[in-house]
Amino acid sequence: MMKYFKNITILKFPAILMLLCALQSCSDFLEQEPGTQTSINEQLGSKKGVLAALNGLYLDIREIHTSPTFVVYSELQGGNLKFSPTYSTDKSRNGIITVPTAIEGFYSFNDQALASNLASFYSGGYEVINEANLIIEFVDALKDATQAEKNQIKAEALTARAYMHFLLSEFYSQNYSYTSDASHLGIVYNTKSITNGLQYASRETAASTYSHIIEDIESAVNLYSENILLNGPSYSYFNKNNAKALLSRVYLSKNDWQKAYETANDVISNSGVSLVESANYIAQWDQPDLPISEILMEFTLSRNEESTASISPASYFGYTNSTTFSKYVASQDLIDLYETSDIRKQLFLIQPLTTLVNLQPVELNYYFTKKFQGNPGYVAFRLSEQYLIRAEAALKLNNTDQAKKDINTIRARANASAVKDSENLEDAVFLERRKELCFEGHSFFDIARNHKDVSRNDGCLSSVCSINYPSPKYILPIPKSNLNLNHNLKQNESY
């Protein structure tokens, strides 16, 4: 089965609604566009229309995950990435290393509310949430869908809503244990669409935010059926297994060790998905048309009738030849973590590139990841993360034998050394996550969750390469445009 979609019918809601789907951009929509409500009723009044809307929701999620700022944020801030030199036929410019304009603000831990590098992520995240809310509000009234079909649609929309709120909380709210009772600012949790009237909601606490996220996922898990309602690979859509994978990640972030352990264990034991064997690990990452077989969810690319793919992670991490390559490569900080025998080092494509050093051109080696060559989709959840969640939760529950067993399962597959008795297990699981899950969007959030300092060494071009925890700069500013439209929205500290 090819891993991309063709000929997908996408429902895009009216432009004025899409402008307003960011929660705080409410303006005078209901008064200005009275006809839009009727249009939405017509579009979402049939199973076909709701499924088209659900497809559109997935498209918007995929677009967020392949945006030029979101896709590199966590890995760049966490120190896994640095920049490749510029190729130019102009010898005076060939080999220069620069910071891309699109990430200058957050890369220096100085993003600005007035012109935030992630402003489109904030608005796009709430746009997806509003789309999910519309689907949830209309699905029960469908007369041409079975109850099982309606339950499946609602489950996917609830999971999407929870997932986007979770992502927004990671970017805009300090980690759950930033305060002892999680009473610090979380995010706005939106459970009603714009059709319910203008809402100028306030931010909830982190504790309340997580409660809503968990409630949505648990509700979804109870609704899922075996129905596959959309075209394309099943791993490209939310289902019971990857919803549970999301739930285990949320529990881990919440420091609910028992539930994180139980949920990850459930996925490992009952999902029907197995870890890729060592002998196939590199080859599976290299295959052009399918994700690695231990995938639980991939945000798969859509392609048009000419099989042209939309923008993918390969746009930022790919290598074609000595004159055509992407801007982001692995830092030596990351590469040095791997033992010589670790097969995961083979996932890095080493290429010499001309680089200006003290105004002189020299050839230096750069490490392009093979995880995202050939226009793959975005890895959302895979089974190895569940093993590492179970390991970390087991350690916190004083079950060191299980923690070692799970870490060693991942290490053994990679042909790396087993955990030594002298090793600090908290450091071991933290570093194993960094090695195994690199470029999959976890690095910086793992640092924050573990209350660690940021230390970026190799290739850091910022005036701020390190920051100490805690710091208000571990999260981003709420975009000023959203603050202007919602006087109840409170800005993050230092912005």
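The paragraphs below set out a description of the structure included in this document. Values in this document were obtained by computation on a predicted structure and should not be read as measured data. (Residues numbered from 1 in each chain as written. Predicted model: local features only at pLDDT ≥ 70, side-chain atom pairs only at ≥ 80, totals over all residues. Heavy atoms only, no water.)

Okay, the pairing of strand 6 (residues 348–357) next. Here strand 6 runs beside strand 7 (residues 360–369); their pairing, made up of 10 bridges, is antiparallel. Note on strand 7: the bridge partner recorded for Pro352 is Asn365. Here strand 6 hands over to strand 7 after two residues, with Asn358 in that stretch at a positive phi of 55°. (Pairing = 2+ DSSP bridges. Helix = DSSP H or I, 4+ residues; strand = E, 2+ residues; numbered from the N terminus.)

The first and last C-alpha atoms of helix 15 (residues 383–396) sit 20 Å apart over 14 residues, in line with the 20 Å expected at 1.5 Å per residue. The positive-phi residue at the C-terminal boundary of helix 15 is Asn398, with phi of around 65°. (Expected span 1.5 Å × (residues − 1).)

Under the 1.5 Å per step criterion, the end-to-end length of helix 9 (residues 206–223) is 26 Å for 18 residues, consistent within 8% with the ideal 26 Å. For helix 9, every residue scored as buried is listed here: Ala206, Thr209, Tyr210, Ile213, Ile214, Asp216, Ile217, Ala220 and Val221. Buried residues along helix 9 cover an arc of 160° about the axis, so they all sit on one side. Next to the buried residues of helix 9 lie helix 8 (147–172) and helix 10 (240–253). (Buried < 20%, exposed > 50% of the residue type's maximum accessible area, 1.4 Å probe, protein only. Arc of directions from axis to C-beta. Contact = heavy atoms within 4.5 Å.)

This paragraph deals with the environment of Ile97. Take Ile97: it is sitting in the loop between strand 1 (81–83) and helix 6 (104–107). Between the alpha carbons of Ile97 and Thr355 there is a distance of 7.6 Å; along the sequence they are 258 residues apart.

Moving on, we get to the nonpolar core. Soluble, globular proteins show a tendency: their nonpolar side chains are buried together. Ranked by size, the top nonpolar core spans 139 residues in total, and within it Phe121 and Tyr172 carry the most contacts. If one sorts the elements of this core by residue count, helix 8 sits on top with 13 residues. Discounting residues that sit within four places of it in the chain, Tyr172 has contacts with Leu118, Phe121, Tyr122, Ile187, Arg203, Ile475, Leu476, Pro477, Ile478, Pro479 and Asn492. Grouped together as the second largest cluster of nonpolar side chains are six residues, Tyr319, Phe325, Tyr366 and Phe368 included. (Core = buried A, V, L, I, M, F, W, Y, C linked by side-chain atoms within 4.5 Å.)

Another point: the pattern of salt bridges. Under the criterion given, the structure shown has 25 salt bridges. Ionic pairing is found between Asp421 and Lys404, a salt bridge with its closest N-O pair at 3.7 Å. Placement of Asp421 in the loop between helix 16 (400–413) and helix 17 (425–436) and of Lys404 in helix 16 is noted, with a sequence separation of 17 residues between them. Judged by its relative accessible area of 27%, Lys404 falls in the partly exposed class. Asp446 is paired through a salt bridge with Arg433; the nearest N and O atoms lie 2.8 Å apart. With a gap of 13 residues between them, Asp446 in helix 18 (residues 443–449) and Arg433 in helix 17 connect regions that are remote in the sequence. For the pair Asp446 and Arg433, one class covers both residues: buried. When salt bridges with common partners are traced through the structure, they connect Glu294, Asp342, Arg344, Lys371, Arg382, Arg411, Arg413, Glu423, Glu432, Lys435, Glu436 and Glu440 into a single cluster. (Salt bridge = Lys/Arg side-chain N within 4 Å of Asp/Glu carboxyl O.)

The values are spatial; any link to function lies outside them.
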